[in-house]
Amino acid sequence: MEFRDLKKQYLSLKQEMDKAILDSVASGQYILGSDVQELEQLLADYVGGKHCVACANGTDALILSVMTLSIGEGDAVFAPDFTYFATINSAMLRGASPVLVDIDKRTFNICPDALEVAIQRTISEGKYRPRAIITVDLFGLCADYPQIEEIARKYKLYLIEDAAQGFGGAIEGKRACAYGDIAITSFFPAKPLGCYGDGGAIFTNNDDYARKLRSLRAQGRSPLDKYDNVDLGLNSRLDTLQAAILKVKLKAFADYELQAVNQAAERYTAGLKEHVITPYIPAGYLSSWAQYTIMLRDAAQRSALKAHLESKGIPTMIYYPKGMHQQSAVIDRGYHTGHFPHTEHAVQTCLSLPMHPYLKPEEQAYIINEIITFLGA
Ligand SMILES: *Cc1c(COP(=O)(O)O)cnc(C)c1O
């Protein structure tokens, strides 16, 4: 059994995928080009946004977003403590200071109340200028945008949506990557929409940001004169081949994969909800299930269950074993154990189960049964 079975997906798309790959290679176009432009349009249409700018990976997408909004030295950037390091790495790399915020214990996403407390504390301390909020749609579930957008407006902060794990999710039909000033996603193979290598995309409704993003992904070049560079940028492009692959995958994702992965989630929840803490999806929210993450009683029970499942051929992952405030690159910033009780509980008790659209009901029945047997022993 695979944790995320990408090979099964390939085999189910094989005929169409092989043709797309060979056609792409035969086209003689290898970087950006019309396939990438076409994909950008398809992605913008899917999320319901105006512009999509493809780039080399999700981390670059975040860095380009931070650069476009001129966030840097002296700026405070608010972000959840429970995420993948790329979320804060982008802002820190540009010289901004991360202000970490605890999560909501049920959704695992940034807690709007704790966010407002952190903003007010930063204002009263006066050391850094509050500039932006980077939210994360963790495990495929959108952050609480109705509340967070209001907070961003109230304190005049930029909002960047890190939807690296969130593509396909929605709140009341408004999809992930359509929130904030700028949103990003990642096409790393194991994400909800993955390619066969690295890839990323940035979304915005703002024409000026879109123009600047296109310039910054190409060394800061002028939109009018390729050999006049008006800014300092990155070299961050999506391969034509990855765009051809993503066009096939996006169709499968929209046609049936998102639905299939939600059915798999329902089967897990039905089988496990009496035994462990299963994921909480607020009313009106749709998750794209980047992960299906349960919570155990404590760290000891989690590691024993993990070992038990491994012995039965069931792979599991711990997303994530540490909060951002526990990272060596952040540790000297004055955070202490106890600052983030919900993150600290999650890092001890979370366990992610095998999850993907091609997971069979029989496989899930086996996993569920092994978990229940272990907990009853
Ligand atoms: C994967 C991920 C990223 C980075 O994406 P890459 O394409 O791997 O650079 C950023 N943020 C979050 C929350 C992620 O899970």
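Everything below is about the structure shown above.
Residue numbers restart at each chain and count upward from 1, following the sequence in its written direction. Since the coordinates come from a predicted model, pLDDT governs what is reported: local features require at least 70, and pairs of side-chain atoms require 80 or more to be given and counted, while whole-chain, interface and lining totals use all residues. Only heavy atoms go into the side-chain values, all of them from the structure, while hydrogens and water stay out.

Caption draft 1: The arrangement of the nonpolar core in detail. What makes a nonpolar core is a set of buried Ala, Val, Leu, Ile, Met, Phe, Trp, Tyr and Cys residues whose side-chain atoms join them at distances within 4.5 Å. For every residue, the accessible area obtained with a 1.4 Å probe (protein chains only) is divided by the maximum for its type, and the residue is called buried under 20%, exposed over 50%, and partly exposed between those limits. Judged by nonpolar contacts, the single largest core of 74 residues is most densely connected at L43, F78 and F167. Strands here are runs of E lasting at least two residues and helices are runs of H or I lasting at least four, both read from the DSSP assignment and numbered beginning at the N terminus. In terms of residue count, helix α8 (residues 240-272) provides more of this core than any other element does, ten residues in total. A contact between two residues is defined here by any heavy atoms of the two lying within 4.5 Å. In this structure, F167 is in contact with L43, Y46, V47, A176, C177, T185, P192, L193, F203, L250, F253 and S288, ignoring residues within four places of it in sequence. Of all hydrophobic cores here, the second largest spans 24 residues; its members include A61, A91, A96 and L213.

Caption draft 2: Quick look at the pattern of salt bridges. Put simply, a salt bridge is a Lys or Arg side-chain nitrogen that is within 4 Å of an Asp or Glu carboxyl oxygen. Scanning the entire structure with this criterion turns up 17 salt bridges. In this structure, K14 engages D18 in a salt bridge whose closest nitrogen and oxygen atoms are separated by 2.6 Å. With K14 and D18 both in helix α1 (residues 6-26), this residue pair falls four residues apart, about one helical turn. By relative accessible area, D18 is classed as partly exposed at 23%. For E38, the salt bridge identified is with K247, shortest N-O distance 2.8 Å.

Caption draft 3: Structural view of the site of the ligand. If even one non-hydrogen atom of a residue comes within 4 Å of a molecule or strand, that residue is called near it. Residues in close proximity to the ligand total 14 residues, the closest being G58, T59, D162, S186 and K191. One nitrogen or oxygen atom from the main chain of G58 is found 2.7 Å from an oxygen atom belonging to the ligand. Within 3.5 Å is the distance limit for a polar contact, defined as a pair of N or O atoms, with the added protein rule that one can donate a hydrogen and the other accept it, and that residues adjacent in sequence qualify only through two side-chain atoms. Contact distances for the ligand include 2.7 Å between an oxygen atom and a side-chain N or O atom of S186. Secondary-structure elements contributing two or more residues to the shell around the ligand are α3 (58-68) and α4 (86-93). Take the shell around the ligand: its biggest share by element is three residues, from α3. Lys, Arg, Asp and Glu make up the charged group, whereas Ala, Val, Leu, Ile, Met, Phe, Trp, Tyr, Cys and Pro make up the nonpolar group; the residues left over, Gly among them, are polar. Residues belonging to the shell around the ligand are distributed by class as follows: five nonpolar, seven polar and two charged.

Caption draft 4: Geometry of the side chain of T293. Along the chain, the position of T293 falls in strand β11 (residues 292-295). A distance of 2.8 Å separates the side chain of T293 from the side chain of S352, its partner in a polar contact.

Caption draft 5: The packing of α3 against helix α7 (residues 207-216), seen in detail. Put simply, α3 and α7 touch, their axes get as near as 10 Å, and they point 125° apart. The angle between α3 and α7 places the two elements in the oblique class. Between α3 and α7 lies a crossing of right-handed hand. Here α3 contributes L64, S65, M67 and T68 to the contact with α7, which in turn contributes Y209, K212, L213 and L216. The class makeup of the residues in the contact of α3 with α7 is five nonpolar, two polar and one charged. Axis definition: a line fit to C-alpha positions, over the contact stretch in the case of helices; interaxial angles, taken between N-to-C directions, run 0 to 180 degrees. Any angle from 65 to 115 degrees is called roughly perpendicular, while one under 35 is roughly parallel, one over 145 is roughly antiparallel, and all others are oblique. Here a crossing is called left-handed whenever its near helix is offset anticlockwise from the far helix by less than a right angle, and right-handed whenever the offset is clockwise.

Caption draft 6: Highlighting the environment of A365. Tracing the chain through its elements places A365 in helix α11 (residues 361-376). The class for A365 is partly exposed, based on a relative accessible area of 44%.

Caption draft 7: Main features of the sheet that holds strand β2 (residues 75-80). Here seven strands make up an open sheet; going across it, the order is β1-β9-β8-β5-β4-β2-β3 and the pairing mixed. Of all strands in the sheet, those with a lone pairing partner are β1 (51-55) and β3 (97-101), marking the two edges. The mean inter-strand angle of the sheet, taken between neighbouring strand axes irrespective of direction, is 25°. Two strands pair when backbone bridges link them, and strand β8 (residues 182-186) and strand β9 (residues 200-204) are joined in this way by four bridges, in the antiparallel orientation. Each residue of the ladder has a partner; that of T185, found in β9, is A201. Sheet strands touched by α3: β1, β4 (129-136), β5 (158-162), β8 and β9. Its angle to β8, the strand with the most contacts, is close to 165°. Strand contacts of helix α5 (residues 112-125): β2, β3 and β4, with the helix running at about 140° to β3, the strand carrying the most contacts. Strands qualify as paired when DSSP identifies two bridges or more between them.

Keep in mind these numbers describe shape, not what the thing actually does.
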